[in-house]
Amino acid sequence: LIKVTADNAEDMAKQAGLDFDIIKKPLKFEDSNQNDIQIPDKVAIMRTDTDQYLGTVGIDYGIVQYSKMLDFTEILVAGKDAEYVSARAIGNGERATVVMKTNDRIYISDEDVIECYFHVNTSHDMSVSLDVITSPLRRINGTILMQPNDRSRTKFRHTKNVLDRLTRAKNSITEVRH
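What you see is a predicted model, and the numbers here were worked out from it, not measured in a lab. (Residues numbered from 1 in each chain as written. Predicted model: local features only at pLDDT ≥ 70, side-chain atom pairs only at ≥ 80, totals over all residues. Heavy atoms only, no water.)

Undergrad: Give me the lowdown on the overall build of the chain, citing residues and values where you can.
TA: The number of helices and strands found in the chain is 4 helices and 11 strands. Evaluated residue by residue, the chain yields a buried proportion of 42% over its 178 residues. For the chain, contacts bridging at least 24 residues in sequence account for 49% of all contacts bridging at least 6. Summing over all exposed atoms, the chain offers an accessible surface of approximately 10,200 Å²; the carbon and sulfur share of this is 46%. (Helix = DSSP H or I, 4+ residues; strand = E, 2+ residues; numbered from the N terminus. Buried < 20%, exposed > 50% of the residue type's maximum accessible area, 1.4 Å probe, protein only. Contact = heavy atoms within 4.5 Å. Areas by Shrake-Rupley, 256 points an atom, 1.4 Å probe, with all protein chains shown as cover.)

Undergrad: Tell me about the pairing of strand 5 (residues 82-90), and name the residues and values.
TA: Strand direction decides the pairing type here: strand 1 (residues 2-3) and strand 5, joined by 2 bridges, are antiparallel. Bridged to K3 within strand 5 is S86. As defined by bridge partners, strand 5 adjoins strand 6 (residues 95-107) across 8 bridges and the pair is classed as antiparallel. Bridge assignment links A82 to a residue of strand 6, and that residue is T102. Linkage of strand 5 to strand 6, two consecutive antiparallel strands, is achieved through a turn of 4 residues, within which G91 is found at a positive phi near 70 degrees. (Pairing = 2+ DSSP bridges.)

Undergrad: So what's going on with helix 1 (residues 9-16)? Residues and values would help.
TA: Listed in full, the buried residues belonging to helix 1 are A9, M12, A13 and A16. Projected down its long axis, helix 1 carries its buried residues within an arc of 100 degrees, all on one side. Near the N-terminus of helix 1, the side chain that reaches the backbone nitrogen of E10, with its oxygen 3.2 Å away, is that of N8. (Arc of directions from axis to C-beta. Polar contact = N/O pair within 3.5 Å; in protein donor to acceptor, adjacent residues only side chain to side chain.)

Undergrad: An account of the sheet that holds strand 4 (residues 53-58) is requested, with residue identities and associated values reported.
TA: Strand order across the open sheet formed by 3 strands is 2-3-4, with antiparallel pairing between neighbours. Every other strand in the sheet has two partners, leaving strand 2 (22-30) and strand 4 as the edge strands with one partner each. Here the strands of the sheet are splayed against their neighbours by 40 degrees on average, with no regard to which way each runs. (Axes fitted to C-alpha atoms, helices over the stretch in contact; angles between N-to-C directions.)

Undergrad: Provide a residue-level description of the environment of I90, including the pertinent values.
TA: The residue I90 is located in strand 5 in this model. Residue I90 is classed as partly exposed on the basis of its relative accessible area of 27%. Ignoring anything within four residues of it in the chain, the contact list for I90 reads R95 and T97.

Undergrad: Any chance you could break down the pattern of salt bridges for me, citing the residues and the numbers?
TA: All told, the structure shown has 7 salt bridges when counted by the stated rule. With its nearest N and O atoms 3.9 Å apart, the salt bridge here joins E115 to R105. Of the two residues, E115 is situated in strand 7 (residues 113-123) and R105 in strand 6; the sequence distance between them amounts to 10 residues. What makes E115 buried here is its relative accessible area of 10%. (Salt bridge = Lys/Arg side-chain N within 4 Å of Asp/Glu carboxyl O.)

Nothing here speaks to function; it is all geometry.
Here is the structure:
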């Protein structure tokens, strides 16, 4: 991960290498008569800046540009509720992760403090949805406290309606902090 020192999503994206867009491109194959046949239910995901192939997805896969994912996080940063810690594009940009830290702390004693971290993961290759995962850190022993049964995870599937769900999620940031 790359340590970031940004105060806004745009600067964080540039520092982490997440400031690119993707598009869907048709997938084709050549039949025995050398005719191009388009695959009807799959498309390729390509970077617009480098034309790199990032993966194959279903035709209804909802594209979430990393800039849209960062819009989601900027609400917390703008409200001084959280800060960017680190981030990065993984591989050629197939996956991305952003680590953030809230101002919230749990004091067990003066020396034993639990700091509230969370990370946001997403992908352009169908390997993960848009996930927000809490990762509280107990500093005294370096333990990350995970909850069983995905109770610490908020997930948004990449369907054609994912952008609408993200817009609604922006208005319910309290759930992420909780």
